[in-house]
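# Geometric and topological summary
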Amino acid sequence: MLFSIFMPTHFEWAFLYVFKKYGKLSLTKTFTGSAVSKQTISLSVLANAPCARKQPHSLTTHNKTRVDDYYWMRDDNRENSEILAHLTAENNYCDKQLAPIKPLQTQLFEELKGRIVKDDNSFPVKDGQFWYHAEVRGDDEYARHYRSRDITMQDKQLLLDVNSLAQGIEFYELGEVAVSPNEQLLAYSEDTEGRRIYAIKFKSIDDDSLLDDVLENTEGQVVWANDNKTLFYVKKDLKTLLGFQVFRHVLGTPQADDVLVYEEHDSSFFMGLGKSRDESLIIIDLASTETNDTWVLDANQPLGEFKQLMPREEGHEFDIDKLGDTFYIVSNWRAKNFRLMTASTATISDKTLWQEHTAHRDNVLLEGVEIFDEFLVLTERELGQTRFIVVNNLQQRMALAFDDPCYYAAIATNPESNSKTARIYYSSLTTQGSLYEVNLASGEKTLLKQQRVLGDFESENYTSERVMVAARDGEIVPVSLVYRKDTFKKDGTNPLFQYGYGAYGITIDPSFSSASLSLLDRGFVYAIAHVRGSEMLGRHWYEQGKKQHKQNSFSDFIDVTKALVDQGYGAKDKVFASGGSAGGLLMGAVVNQAPELYLGVGCHVPFLDVLTTMLDESIPLTTNEYDEWGNPNDPAYYDVIADYSPYDNIKTQAYPHILVTTGLHDSQVQYWEPMKWVAKMREHKTDDHVLIFKTDMDAGHGGASGRFKSLEEKALEMAFFISLVDS
């Protein structure tokens, strides 16, 4: 029994448990609310923007030399007084620059906060003898987690009060919470810096007492063996921040005595832990961008050795689970868009002996499978849309349909395999997050809970569309759109907000955002450009947006902007764009290549200095990224990356108004990438547009913690964009 906090990077968080791999219960948060009237405030450029000193540093690779004047801004320890002073100066400048729109930002924050149902809870889910749910109350930033023997939660027992755990701490993130098989002990992990380095702690549920055991420097995952006293966790390399070792811990013993049971020597692999659907196996899941590997241990024999399920094969990607005597494998072996295979304990090591359950299809991407005793639920994607196929023991198939033109749907929490119903989460750009229970025999859906939106929100006031845009090379790019009916004219006068990501095969599905109402109610059209680099249109769509094809992501985004303006969805002088992390790279490349298209850009925790980072294996996560961006130690990939890397391609030209945000303790994209980019941008840009850079000195890659504090970041960007429209 295992649940965790999972925070999506997209606009809306849904407050419900969502089923993740290996039976994890993942809690996400829903923020809801209403909008207030338009307000006219404008920005102006202030003098004395921070000017960073230049210290030339030569970087030579393949007999090619780059001079980086701001290389000195890197400090792995985050203690350099000059760097901290410069970040503080940037923050002060940001505050002064935004002072005129502070009232608007405050108004927007109150709008966003005002839509939230302060007293809310997830719908209870049964796992073992107990029902589990989480609650938020009043102005609490975090949830309380409970369990009860009854679905009504009348005699519920408090498991964790995250508000108490986070008290007095600037940043707090609860990782996983794992209940022991006998349901008497609880393990939980916490990150108090934003670096995704977790400490694991333990408590007795009955008397609410903490055990002495504390496991430091972990990935946050913890998996119990079936003896209720032995558990496994992944330890991190504190330099690269990669999880690379699995340790066995026995309760009541010091961490120093823990036994190393597996070590991964290939630094291109991420490491995760889990348990099989039938809880018979403890699973080490190893994944690089293009290759998977799995090791297992009998959960009833925790002192045994992990065994590799099958030989590691470069290019073989798969996801594996087990129920009873059958392994279920979603595999790309001879199947670019994946197919479902089955195997037994005797045949799992040799894929030539596997049996095909669901064949590969050129136009359908198989994304996953949920296993029940009498049913399978396949998650598929065709033409960008998710669907679920229920397969019974007679191999009869039934599709579960949805009505919106574009939407997001996912398998929710289904911890018990003997269930004859499945929970599914559904949301669209105009439909609040909804939790359904589906009868797997009939397909009948029952609504269990729907996200409430306080204020005057009415779904019928908004319209969503799916449009297809022809890119410059003839590929057709899907775009999801939403706007308010009474403010949209399709005559080229509406402000347009365009969001994108486009990397790692991650698809940003169109889901409901109560926060976006503050833009929609002010006449904005909100668009998600599903550029290459995602898997929106299948595996081919991903492959055409990475490595040597990465430029397609940027071209797609630019071409979508041009098409939406040409078709009247947005005013050519009121176009805004935003992206974070790899989406921040997208923003950096786009403003270099087509700055004239955008009035304002939000660039958040952005990956901008691609070439330097990918040449430095000491930087966290670099080696894991070679299969995504290419390894620039290869001259061919060096040239590919050099052609688009945002930091290396800053030009002497006019740029849009730009808001850049980061976290000092970011573990994914280091703070110095946006810091250097802003410094170089100030040096080269020829315009008088606003360029502001805000660093959260307490946060990491996920931004501020807490359900209200994080809204301040949304309100900041919205105020920035709205003020530019009104100026």
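Predicted model only: the values in this text are computed from it and were never measured.

### A few points about the sheet that holds strand E29 (residues 397-400)
Where strands meet in a sheet, backbone hydrogen bonds hold them as pairs that are either parallel or antiparallel. Taken in spatial order, the 4 strands line up as E26-E27-E28-E29 in an open sheet, and their pairing is antiparallel. In this open sheet, the two strands that pair with only one neighbour each are strand E26 (365-371) and E29. Each strand of the sheet is rotated relative to its neighbour by a mean of 25°, with strand direction disregarded.

### Section: the pairing of strand E36 (residues 496-499)
In E36, alternate side chains face the same way, and those of Leu 496 and Gln 498 on one face and Phe 497 and Tyr 499 on the other are all buried. In this structure, E36 lies alongside strand E37 (residues 525-529), joined through 4 bridges in parallel fashion. Across the sheet, residue Tyr 499 finds its bridge partner in E37, namely Ile 528. Relative to strand E38 (residues 575-580), E36 is paired through 4 bridges, and the arrangement is parallel. Bridge pairing in E38 places Gln 498 opposite Ala 577.

### What to know about the packing of aromatic side chains
Considering all chains together, one arrives at 25 aromatic pairs under this definition. Each ring, one from Phe 576 and one from Phe 721, has its centre 4.8 Å from the other, and the planes form 35°; the classification is tilted. Pair noted here: Phe 576 is in strand E38 and Phe 721 is in helix H12 (residues 709-726), with a separation of 145 residues, a long-range link. Taken together through their ring pairs, the aromatic side chains of Phe 497, Phe 524, Tyr 526, Phe 576, Phe 720 and Phe 721 make up a single cluster. A cation sits over an aromatic face here: Arg 312 above Phe 269, 4.2 Å from the ring centre.

### Examining the packing of helix H6 (residues 551-566) against helix H7 (residues 582-593)
Packing of H6 against H7 leaves a shortest axis separation of 9 Å and a crossing angle of 65°. Judged by the inter-axis angle, H6 sits roughly perpendicular to H7. The chirality of how H6 crosses H7 is right-handed. The residues of H7 that touch H6, namely those facing Gln 551, Ser 553, Phe 554, Phe 557 and Ile 558, are Leu 585, Leu 586, Met 587, Ala 589, Val 590 and Gln 593. Of the residues assigned to the contact of H6 with H7, the class counts are 8 nonpolar, 3 polar and no charged.

### As for the pairing of strand E30 (residues 407-411)
In regular strands, side chains alternate between the two faces of the sheet. By the criterion of burial, E30 is predominantly enclosed, with 4 of the 5 residues buried. The pairing of E30 with strand E31 (residues 421-428) spans 5 bridges and is classified as antiparallel. Opposite Ala 409, over in E31, you have Tyr 426 as the bridge partner.

### Some remarks on unusual backbone geometry
The backbone of Glu 279 shows a phi angle near 60°, a positive value even though the residue is not glycine. Examined against the element boundaries, Glu 279 turns out to sit in the loop between strand E18 (270-275) and strand E19 (281-287). When its relative accessible area of 32% is taken as the criterion, Glu 279 is described as partly exposed. Of note, the phi angle at Phe 338 is positive, near 75°, even though the residue is not glycine. Turning to its location among the elements, Phe 338 is positioned in the loop between strand E23 (326-331) and strand E24 (339-343). Take Phe 338: its relative accessible area is 11%, and that puts it in the buried class.

### A closer look at the environment of Trp 131
Summarising the element assignment, Trp 131 is placed in strand E8 (residues 130-136). Spatially, the C-alpha atom of Trp 131 lies 32 Å from that of Ile 506, the residues being 375 residues apart in sequence. Not counting the four nearest positions on each side in its chain, Trp 131 is found in contact with Pro 124, Val 125, Lys 126, Tyr 146, Arg 147, Ser 148, Arg 149, Asp 150, Ile 151, Met 153 and Arg 423.

### Considering the side chain of Lys 203
Of note, Lys 203 is situated in strand E13 (residues 198-204). A distance of 2.8 Å separates a polar atom in the side chain of Lys 203 from the backbone oxygen of Leu 159. Among the polar contacts made by the side chain of Lys 203, one reaches the side chain of Asp 208 at a distance of 2.4 Å. Setting aside anything within four residues of it in sequence, one finds Lys 203 in contact with Leu 159, Leu 160, Gln 184, Leu 185, Leu 186, Tyr 188, Asp 208, Ser 209, Leu 210 and Leu 211.

### Remarks on the sheet that holds E30
Spatial ordering of the open sheet is given by E30-E31-E32-E33, a layout of 4 strands whose pairing is antiparallel. Every interior strand has two partners, whereas the edge strands, E30 and strand E33 (445-450), have only one. The mean inter-strand angle of the sheet, taken between neighbouring strand axes irrespective of direction, is 25°.

### Examining a nonpolar patch on the surface
Together, Met 468, Ile 476 and Leu 537 make up a nonpolar patch on the protein surface, roughly 230 Å² of accessible area in all. Here Leu 537 shows up in the loop between E37 and helix H5 (539-543).

### Topic: the environment of Trp 677
Within the secondary structure, Trp 677 sits in helix H11 (residues 672-684). With 89 residues separating them in the primary sequence, Trp 677 and Gly 588 have C-alpha atoms 9.0 Å apart. Trp 677 has contacts with Gly 588, Val 591, Cys 603, Leu 608, Pro 646, Tyr 647, Ile 650, Ile 658 and Val 660, leaving out every residue within four places of it along the chain.

### What to know about the packing of helix H2 (residues 102-114) against H12
Interaxial distance between H2 and H12 falls to 8 Å at its minimum, and their mutual angle equals 130°. Judged on the interaxial angle alone, H12 and H2 are oblique. In this structure, H2 crosses over H12, and the sense of that crossing is right-handed. The segment H2 lies against H12, with Leu 104, Gln 105, Leu 108, Phe 109, Leu 112 and Lys 113 engaging Leu 711, Glu 712, Lys 714, Ala 715, Leu 716, Met 718, Ala 719, Ile 722 and Ser 723. A per-class count over the contact of H2 with H12 returns 10 nonpolar, 2 polar and 3 charged.

### Describing the confidence of the model for the protein
Mean pLDDT over the protein works out to 90, with 92% of the residues at or above the 70 mark. Within the model, pLDDT remains below 50 along residues 2-40, and this stretch shows 181 contacts once partners closer than five positions in the same chain are excluded.

### Observations regarding helix H1 (residues 81-98)
In this model H1 runs 25 Å from its N-terminal to its C-terminal C-alpha over 18 residues, within 8% of the 26 Å that 1.5 Å per residue would give. Taken as a whole, H1 has its buried residues at Ile 83, His 86, Leu 87, Glu 90, Asn 91, Tyr 93, Cys 94, Gln 97 and Leu 98. Each buried residue of H1 lies within a common arc of 160° when the element is viewed along its axis, so the set occupies one face. Summarising the geometry of H1, the exposed residues directed more than 90 degrees from the buried face are Ser 81 and Lys 96. Buried residues belonging to H1 abut H2, H11, strand E41 (691-696) and H12. In this structure Asn 80 caps H1, since a side-chain oxygen of it lies 2.9 Å from the backbone nitrogen of Glu 82.

### Overview of the state of the cysteines
A full pass over the atoms with the stated rule returns 0 disulfides. With no disulfide of its own, Cys 603 has Cys 94 as its nearest cysteine by sulfur position, at a separation of 14 Å.

### Points about the pattern of salt bridges
A full pass over the atoms with the stated rule returns 47 salt bridges. With its nearest N and O atoms 3.7 Å apart, the salt bridge here joins Glu 416 to Lys 126. Here Glu 416, found in the loop between E30 and E31, pairs with Lys 126, found in strand E7 (residues 125-127); they are 290 residues apart in sequence, far enough to count as distant. A salt bridge links Glu 535 to Arg 539; the shortest N-O distance between them is 2.4 Å. Assigned by exposure class, Glu 535 and Arg 539 land together as buried. Put simply, Arg 361, Glu 380, Glu 382 and Arg 387 are held in one network by salt bridges that share partners.

What counts as what
Residues numbered from 1 in each chain as written. Predicted model: local features only at pLDDT ≥ 70, side-chain atom pairs only at ≥ 80, totals over all residues. Heavy atoms only, no water. Pairing = 2+ DSSP bridges. Helix = DSSP H or I, 4+ residues; strand = E, 2+ residues; numbered from the N terminus. Axes fitted to C-alpha atoms, helices over the stretch in contact; angles between N-to-C directions. Buried < 20%, exposed > 50% of the residue type's maximum accessible area, 1.4 Å probe, protein only. Phe/Tyr/Trp six-rings, centres within 6.5 Å; stacked < 30°, edge-to-face > 60°. Lys NZ or Arg CZ within 6 Å of the ring centre and 35° of its normal. Parallel < 35°, antiparallel > 145°, perpendicular 65-115°, else oblique. Left-handed = near helix turned anticlockwise from the far one by under 90°. Contact = heavy atoms within 4.5 Å. Nonpolar A, V, L, I, M, F, W, Y, C, P; charged D, E, K, R; others polar. Polar contact = N/O pair within 3.5 Å; in protein donor to acceptor, adjacent residues only side chain to side chain. Patch = residues over 30% accessible without salt bridge, like charges linked within 9 Å, V, L, I, M, F, W, Y side chains within 5 Å. Areas by Shrake-Rupley, 256 points an atom, 1.4 Å probe, with all protein chains shown as cover. Salt bridge = Lys/Arg side-chain N within 4 Å of Asp/Glu carboxyl O. pLDDT = per-residue confidence, 0-100. Expected span 1.5 Å × (residues − 1). Arc of directions from axis to C-beta. Disulfide = S-S within 2.5 Å.

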